[in-house]
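# Chain and residue survey
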Amino acid sequence: MSLRLAFALSALAAVLPVQSVRAEEPVQQVAAIPGDFGTNTRAMSVIDQQMTAEPTQVTLSLLNQYRAARGLGALAIDPQMTVVAYQQAKAMADADFMDHNVVGDFGHRLIANKVLNVYAGENIGRNIRTAEKMFDWWVHSPVHERNMSNPRMTRLGFAVVYSEKSGKPYWAMALASAPIQ
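For clarity, every value in this text was computed on a predicted model and none was experimentally measured.

## Observations concerning the overall build of the protein
Looking only at helices and strands, the protein has seven helices and five strands in total. If you list the helices and strands of the protein from N to C, you get α-β-α-α-β-α-α-β-α-α-β-β. The buried share of the protein, reckoned over its 181 residues, is 50%. Considering only intrachain contacts with a sequence separation of at least 6, the fraction spanning at least 24 residues in the protein is 75%. Counting every atom, the protein has about 8800 Å² of accessible surface; 55% of that belongs to carbon and sulfur.

In structure tokens:
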């Protein structure tokens, strides 16, 4: 399977099951997931670092330029969505394996992090060395691009974590709307 096809299939797996997560829908109890931060201040400093890191700032800038050129509103970096993205990137890096479900499906991860009643999407990637190149991959993949150009999205979480096993970077972008009223 080509790398481009693998990216397309991985994005498809994230988008189709979860277009929206609504609080009023019946939800099974979700067990804590690895990286569930709670009040761990050391872990939250990792989130602060991810939010201000160069790859995040580059991606935010590129994404907002891309959206503006299409008449769409800008996204803002969101701590809650950054936790979702970081948990995914870290789990993939720890496993040295790219998969949307490596730490549980996206909908359950949103619920576990109290991201409720939103439209949401997730893009992941691996072994791309710069934020610019990762963004370019996502833009040229119709399913990933659809997440990034969704007019409902207002919040962005972004993380990159390097595998200790292989040194490969694992990327995760989590996007969400404001809560649906």
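## Considering the packing of aromatic side chains
Counting across every chain of the model gives three aromatic pairs. Taking the centre distance of 6.3 Å and the plane angle of 85° together, the rings of Trp138 and Phe158 count as edge-to-face. A residue pair is termed long-range when its members are at least 10 positions apart, and Trp138 in helix α6 (residues 131–139) and Phe158 in strand β4 (residues 153–162) qualify at 20 residues. The two residues Trp138 and Phe158 agree in class, both being buried. Aromatic pair Phe158 and Trp171: ring centres 5.8 Å apart, planes at 50°, arrangement tilted.

## So, the packing of helix α3 (residues 54–68) against α6
In the contact formed by α3 and α6, the axes pass within 9 Å of each other and the chain directions differ by 40°. Two packed elements cross with a definite hand, and for α3 against α6 that hand is right-handed. Along the contact surface, α3 presents Pro55, Val58, Thr59, Leu62, Leu63 and Tyr66, while α6 presents Ala131, Glu132, Phe135 and Val139. Looking at the contact of α3 with α6 residue by residue, the class counts come to eight nonpolar, one polar and one charged.

## Some points on the nonpolar core
Judged by nonpolar contacts, the single largest core of 44 residues is most densely connected at Leu63, Leu156, Trp171 and Met173. Of all the elements in the fold, those that place two or more residues in this core are α2 (41–52), α3, α4 (79–95), α5 (106–112), β3 (118–126), α6, β4 and β5 (169–177). Here this core gets eight residues from one element, more than from any other, and that element is α4.

Cut-offs used in this document
- Residues numbered from 1 in each chain as written.
- Predicted model: local features only at pLDDT ≥ 70, side-chain atom pairs only at ≥ 80, totals over all residues.
- Heavy atoms only, no water.
- Helix = DSSP H or I, 4+ residues; strand = E, 2+ residues; numbered from the N terminus.
- Buried < 20%, exposed > 50% of the residue type's maximum accessible area, 1.4 Å probe, protein only.
- Contact = heavy atoms within 4.5 Å.
- Areas by Shrake-Rupley, 256 points an atom, 1.4 Å probe, with all protein chains shown as cover.
- Phe/Tyr/Trp six-rings, centres within 6.5 Å; stacked < 30°, edge-to-face > 60°.
- Axes fitted to C-alpha atoms, helices over the stretch in contact; angles between N-to-C directions.
- Left-handed = near helix turned anticlockwise from the far one by under 90°.
- Nonpolar A, V, L, I, M, F, W, Y, C, P; charged D, E, K, R; others polar.
- Core = buried A, V, L, I, M, F, W, Y, C linked by side-chain atoms within 4.5 Å.

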